[in-house]
Amino acid sequence: ALYKAKSSGRSRWIIYTREFQDEDKQRSALGARIRRATERGEFTLVYQPQFRIEDQHIVSFEALLRWSPEDMPSPDTQLLVSVLEESGLINDVGQWVLETACQQHRQWLDKGMVDENCTMSVNVSVAQLSLANFSSRLQRILERCQLPPQCLNIEITESALIEKNSSCIRVLNDVKAMGVQLTLDDFGTGYASLAYLTRLPIDYLKIDKSFVMAMNSDKTSRTIVMSVLAMAGTLNIDVVAEGIENEGTLTQLREARCQYGQGFLVARPLPTGEIEALMKTRQRRETRAAELLSSQD
């Protein structure tokens with residue numbers, strides 16, 4: 001019950017039940033299975049576009065970890081990452097994610113499928129940031145992949161800063177000095193959001209999708225989104241709105257001058273082949289639109 005209370009947040013009390021033991025056994029079994037998956041290389045990446053809200057032009061891709069075991073249902077991504085952290089495997093898997101995503105982006109650059117301003121966003125956990133050599137590891141990955149640092153965008157959550165803020169801030173400053181871009185993810189769901197904005201070299205804030213998806217039906221969520229946009233504008237930080245699933249939400253964000261978005265309206269997270277097909281289709285469409293405008297002039 002003590003460990004359950006600690007993992008549930010601050011100032012909580014929990015009454016012990018036998019279900020806790022059952023959960024622990026399930027997590028232990030999942031941890032053993034994930035360890036085998038790591039050894040066998042069973043993980044894959046999918047990619048979700050991030051786009052300019054003004055014209056829906058793709059400006060970045062977020063790399064997302066996926067695992068589809070044949071002998072059991074796929075665990076929720078949050079549970080998967082949690083077990084990876086508990087088992088100590090997050091550093092090895094996280095390194096693989098970073099290197100694979102950077103290699104993929106380098107290939108897209110070489111093929112001319114993305115322009116030099118397009119970035120690859122990768123989520124990094126607090127365990128990875130806590131490594132003493134994280135910055136040097138990241139530098140070696142960029143060098144091996146021959147990827148310019150400005151093409152990589154590291155995404156961190158508020159919880160990472162709350163848990164180990166001083167050490168994380170030092171590492172993030174080192175990463176920023178390399179030229180890598182930084183995004184504060186799930187903004188609005190943590191404890192001390194505003195306190196860190198003036199201390200961090202953040203390029204982007206990502207508004208949590210729970211607020212964005214509720215904009216049309218919940219006045220409070222809409223107010224929160226608008227407040228974040230106003231505050232970010234004052235601090236000269238760009239905003240990415242997650243969870244855009246319909247034209248109504250897109251229109252509201254465009255009217256509020258939100259710069260960037262991400263969501264099912266443009267594309268779900270897709271494997272490499274499907275993302276490349278999507279990019280080719282969009283490139284043909286944008287080329288035709290440009291040619292039409294040129295002919296009208």
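Residues numbered from 1 in each chain as written. Predicted model: local features only at pLDDT ≥ 70, side-chain atom pairs only at ≥ 80, totals over all residues. Heavy atoms only, no water.

## Some remarks on the side chain of K206
The following threshold applies: Strands here mean DSSP runs of E at least two residues long; helices mean DSSP runs of H or I at least four residues long; both are numbered from the N terminus. A 3.5 Å cut-off defines polar contacts: any pair of N or O atoms within that distance qualifies, except that in protein one atom must be a possible hydrogen donor and the other a possible acceptor, and neighbouring residues in sequence count only when both atoms are side-chain atoms. Note on contacts: a residue pair qualifies if any of its non-hydrogen atoms lie within 4.5 Å across the two residues.
Note on placement: K206 falls in strand 6 (residues 204-207). Only 2.9 Å separates the side chain of K206 from the side chain of E62, close enough to count as a polar contact. If near-sequence neighbours (up to four positions away) are discounted, K206 is found in contact with Q50, E62, E155, T183, L184, D185, D186, F187, V240, E242 and Q262.

## Examining helix 12 (residues 247-255)
Given 3.6 residues per turn, any residue in an α-helix points the same way as the ones three and four places further on. Basically, it comes down to this: With a 1.4 Å probe rolled over the protein chains alone, any residue whose accessible area is under 20% of its type maximum counts as buried; one over 50% counts as exposed, and the rest are partly exposed. Note that the arc is computed from the directions linking the helix axis to the C-beta atoms.
Those residues of helix 12 not exposed but buried are T249, L250, Q252 and L253. Along the axis of helix 12, the buried positions cluster into a sector of 165 degrees, meaning they face one direction only. Contacts from the buried residues of helix 12 go to strand 1 (44-52), helix 10 (209-213), helix 11 (219-234) and strand 7 (238-242). The residue sitting at the N-terminus of helix 12 and contributing the capping side-chain oxygen is N246; that oxygen lies 3.2 Å from the backbone nitrogen of G248. After helix 12 finishes, the residue R257 shows a positive phi value of roughly 65 degrees.

## A few points about the environment of S135
Along the polypeptide, S135 turns up in helix 6 (residues 134-145). On the basis of relative accessibility, which here comes to 16%, the residue S135 falls in the buried class. Sequence separation of S135 and D174 is 39 residues, and the distance between their C-alpha atoms is 6.6 Å. When sequence neighbours within four positions are dropped, the list of residues in contact with S135 reads V171, D174, V175 and M178.

## Examining the sheet that holds strand 1
For the record, the criterion: When DSSP finds two or more bridges between two strands, those strands count as paired. Here an axis means a line fitted to C-alpha atoms, over the contact stretch when the element is a helix, while the angle between two N-to-C directions is reported on a 0 to 180 degree scale.
The strand order around the closed barrel built from eight strands is 1-2-3-4-5-6-7-8, with neighbouring strands paired in mixed fashion. Neighbouring strand axes in the sheet, compared pairwise and without regard to direction, differ in orientation by 30 degrees on average. Bridging between strand 5 (residues 181-187) and strand 6 involves three bridges; their strand directions are parallel. From the neighbouring strand, L184 faces strand 6, where its bridge partner is L205. Together, strand 1 and strand 2 (58-66) form the strand contacts of helix 13 (residues 272-296), whose direction differs from that of strand 1 by roughly 25 degrees.

## Some remarks on the environment of N123
By the secondary structure assignment, N123 is in strand 3 (residues 119-123). Since its relative accessible area comes to 31%, N123 is described here as partly exposed. Separated by 60 residues in the primary sequence, N123 and A63 place their C-alpha atoms 7.6 Å from one another. Within polar-contact distance, the side chain of N123 engages the side chain of E62 at 2.8 Å.

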